[in-house]
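Report on the structure
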Amino acid sequence: MKSTWRMIGLVAALAFLSTAARSTALGAEDAPPAETPAAEAPAEEPQPAEPAEEKPVIRVSEETTRITEPLKANGLVDYVAAVNNKLREGVTPENNAMVLYVRAFGPAEIDVAARGAFFEKLGIEPLPVTGEYLLGIHEYLAELPAGEEAPTEERMYADRDEAMQQPWSAMDKPHLARWLEKNEKPLALVVEGTKRPRCYTPLVGDSLIATLLPTLGPIREAAWQLTTRAMLRVSQGEFEAAYDDLVAVDRLAEHASSGPTLIDMLVGIATDAMAQKCWVAFLQNEKLPEPLLARSLEHFAARAPQPRFTEKIEPMERYMYLDAVQGIATEEMDLSVIGGGLEGILPRVRSFIDWNETLKQGNEMYDKLLAAARIADPVERKAAEEAFFEEVQKMAEPPGILEMARLVLDPDRSKKIGRRMGGVFNALLLPAFSAVDRAEFRGVAGDELVQLTGLLEQYRRKHESYPETLAALAEAFPAAPLKHSRDGGEYQYRRTEGGYTLWRLGSDPAAAVSDAGDAMEFAADNMVIVRRNR
């Protein structure tokens, strides 16, 4: 709330500055002429019409707009087309997983006005509104015959959350089993889609910041159902089928993360976390056939690493900033999309701001953000992040009286006001990468702890006991990931009476880790724990 009022104060101050600057610039022209004798007084002439307000000029260049093509009809950069062009390189309807995904999901989540363009860019015919599409729990319950006894929606969601993490039976949760049966055909399409190498979701809209991401929700729904079904299949002894479902969820996570935005990446990490918990339960199952345990470990070793969040900041998040500034400067974008108290003030001062300076200032800040985010050492990275966002907050501080007075009289005031306006947009649009950094940390730790879990189970089967230390595990399996691959922190391990506790601490190195519990836990303070109590 404090930062919001700070930005509103800055915008109001900029409005005053721009108005004062206009008055100063026109002062000499508006000043009354020196008096002349009445006989010499010129005849009164008609006043010229007030000139129309000039549109701000955006200079398309690497320094301002970063890219110089493709261009819209008005000569400005078409960032939506630029991103789409990059994403669909080498993509065809035959190798694009999204073609099969949307056929499983249906068109309901795609905005009606955008459907035509969405399917055209996807390269397929529009889908009918009704069909045998993936049903969530709410839709499943709504389709049950009137009067049929069924659990409440809340109860069924609780059953699903429990069933995603441990084997369960259709006898104990009959409606959950029927729900999965109802979704058998769309889930088959999803699994087939996960085998495709590319996943391109078209962006449809006039600006990047206003484009919707309609397939992320259904992707998570499919992952919930596949993990739930995997645990049902484990209880039925169908380990091959369970393995196929878990591999499919891994691929779903990878496909989600391949999208251009930070939101895509976060949904991919969350989807991967669903599979990680199931993998632990799968690998720790005493009845898991040895060849399938070995194949699981081969699968983990072959997986592509999770993308770095810096890959989303550059270029997508930067383009979103530049696209928003360009759209606001030229009145192409609705200010309510941005927020920050701009709607009532900015239209009055838009033409007095040098928006090229706003664009340049944003590029400078994204360069600084990327430099901080790419620091390898986690302690140094955190310090650089804090320093960066302290600078962002200072830029959003309203100017004092003396600074305002100096700006009004400054001949370069439109450029300086443009840079101050950049401070407003930086505070509104720059991503707080600490949260994404933590999510990336957890995602990588989860994947590597799952791999260690499989190796520990393989070690136990060979030696009839778990190793005393992770070093002993590494002697048997030299490729064992003993350190977090992104920050180099060591994984911790403790033998217990019933098995072991395996974990990776978050930001508090002194945090206590209990041996109580089972399976996998994403605990507070970014901690990830795997327990085995036999």
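Residues numbered from 1 in each chain as written. Predicted model: local features only at pLDDT ≥ 70, side-chain atom pairs only at ≥ 80, totals over all residues. Heavy atoms only, no water.

**Here's the deal with the overall build of the protein**
On a plain count of helices and strands, the protein comes out with 20 helices and 4 strands. Looking at the protein as a whole, 51% of its 534 residues qualify as buried. Taking all contacts inside the protein whose residues are at least 6 apart in sequence as the whole, residues at least 24 apart take part in 71%. When the accessible surface of the protein is totalled, it reaches about 25,700 Å², and 53% of it is carbon and sulfur. (Helix = DSSP H or I, 4+ residues; strand = E, 2+ residues; numbered from the N terminus. Buried < 20%, exposed > 50% of the residue type's maximum accessible area, 1.4 Å probe, protein only. Contact = heavy atoms within 4.5 Å. Areas by Shrake-Rupley, 256 points an atom, 1.4 Å probe, with all protein chains shown as cover.)

**Points about the environment of Gly-205**
In this fold, Gly-205 is placed in the loop between α8 (184–194) and α9 (216–235). Sequence spacing of Gly-205 and Val-80 is 125 residues, and the spatial spacing of their C-alpha atoms is 7.3 Å.

**Here we look at empty space enclosed by the protein**
In this structure the tally under the stated criterion is 2 cavities of 30 Å³ or more. What the largest cavity holds in volume is close to 70 Å³. Every residue lining the largest cavity is listed: Ile-110, Asp-111, Ala-114, Phe-118, Pro-202, Val-204, Leu-212 and Pro-214. A per-class count over the lining of the largest cavity returns 7 nonpolar, no polar and 1 charged. Of the voids in this model, the second largest cavity is the one considered here, and its volume is about 30 Å³. Along its surface, the second largest cavity is lined by Val-102, Phe-105, Gly-106, Glu-109, Ile-110, Pro-214, Thr-215 and Pro-218. For the lining of the second largest cavity, the per-class residue count stands at 5 nonpolar, 2 polar and 1 charged. (1 Å grid on protein atoms, 1.4 Å probe; cavity = no way out; pocket = protein on both sides within 12 Å on 5 of 7 lines; lining within 4 Å. Points joined across faces, edges and corners; volume = space filled by probe spheres on them. Nonpolar A, V, L, I, M, F, W, Y, C, P; charged D, E, K, R; others polar.)

**A look at the packing of helix α10 (residues 239–257) against helix α12 (residues 290–302)**
It is the contact of α10 with α12, at a shortest axis distance of 11 Å, that shows an interaxial angle of 10°. On the basis of their axis angle, the class for α10 and α12 is roughly parallel. Between α10 and α12, the residues in contact are Phe-239, Glu-240, Tyr-243, Val-247 and Asp-250 and Leu-292, Arg-295, Ser-296 and His-299, respectively. Here the contact of α10 with α12 is composed, by residue class, of 4 nonpolar, 2 polar and 3 charged. (Axes fitted to C-alpha atoms, helices over the stretch in contact; angles between N-to-C directions. Parallel < 35°, antiparallel > 145°, perpendicular 65-115°, else oblique.)

**Some remarks on the packing of aromatic side chains**
By convention here, two paired aromatic rings are described through the distance between centres and the angle between planes. Using the criterion set out here, one finds 12 aromatic pairs in the structure. Considering the side-chain rings of Tyr-101 and Phe-105, the 6.0 Å spacing of their centres and the 25° angle between planes classify their relative orientation as stacked. A residue pair is termed a helical-turn pair when its members lie 3 or 4 positions apart in one helix, as Tyr-101 and Phe-105 do in helix α3 (residues 97–105) at 4 residues. Under the relative-accessibility criterion, Tyr-101 is labelled buried at 0%. Judged by its relative accessible area of 10%, Phe-105 falls in the buried class. A network of ring pairs unites the aromatic residues Phe-239, Tyr-243, Trp-279, Phe-282 and Phe-300 as a single cluster. Geometry around Trp-224 places Arg-160 over its ring, the cationic atom sitting 4.3 Å from the centre. (Phe/Tyr/Trp six-rings, centres within 6.5 Å; stacked < 30°, edge-to-face > 60°. Lys NZ or Arg CZ within 6 Å of the ring centre and 35° of its normal.)

**Quick word on the pattern of salt bridges**
Inspection of the entire model under this criterion finds 41 salt bridges. The shortest N-O distance in the salt bridge between Lys-360 and Glu-63 comes to 4.0 Å. One end of the pair, Lys-360, is in helix α15 (residues 355–373); the other, Glu-63, is in the loop between α1 (2–30) and α2 (79–87), and 297 residues separate them in sequence. Lys-360 sits in the buried class, given a relative accessible area of 15%. Its relative accessible area of 47% is what places Glu-63 among the partly exposed residues. A network of salt bridges, in which partner residues are shared, links Arg-59, Glu-63, Glu-357, Lys-360, Glu-364 and Arg-419. (Salt bridge = Lys/Arg side-chain N within 4 Å of Asp/Glu carboxyl O.)

**A closer look at the sheet that holds strand β3 (residues 519–522)**
Ordered in space as β1-β2-β4-β3, the 4 strands form an open sheet in which the pairing is antiparallel. Two strands in the sheet have a free side with no partner beyond their single neighbour: β1 (492–495) and β3. Averaged over all pairs of adjacent strands, the angle between their axes in this sheet comes to 15°, without regard to strand direction. As judged from the 4 bridges shared by β3 and strand β4 (residues 528–533), these two strands associate in the antiparallel manner. Within the sheet, the bridge partner assigned to Glu-521 lies in β4 and is Ile-529. Set on the sheet, helix α11 (residues 262–283) makes contact with β3 and β4; between it and β3 the angle comes to about 150°. (Pairing = 2+ DSSP bridges.)

**Regarding the nonpolar core**
Core analysis: the biggest nonpolar cluster contains 82 residues, and Trp-279, Phe-282, Leu-473 and Leu-502 have the highest contact counts within it. Trp-279 has contacts with Tyr-243, Leu-246, Val-247, Asp-250, Ser-296, His-299, Phe-300 and Val-450, leaving out every residue within four places of it along the chain. Counting 47 residues, the second-largest nonpolar core is a separate cluster that includes Leu-262, Tyr-321, Leu-359 and Met-421. (Core = buried A, V, L, I, M, F, W, Y, C linked by side-chain atoms within 4.5 Å.)

**Side note on α10**
Taking 1.5 Å of rise per residue, the 19 residues of α10 would be expected to cover 27 Å, and the 27 Å separating its terminal C-alpha atoms lies within 8% of that figure. Burial runs high along α10: 14 of the 19 residues are buried. (Expected span 1.5 Å × (residues − 1).)

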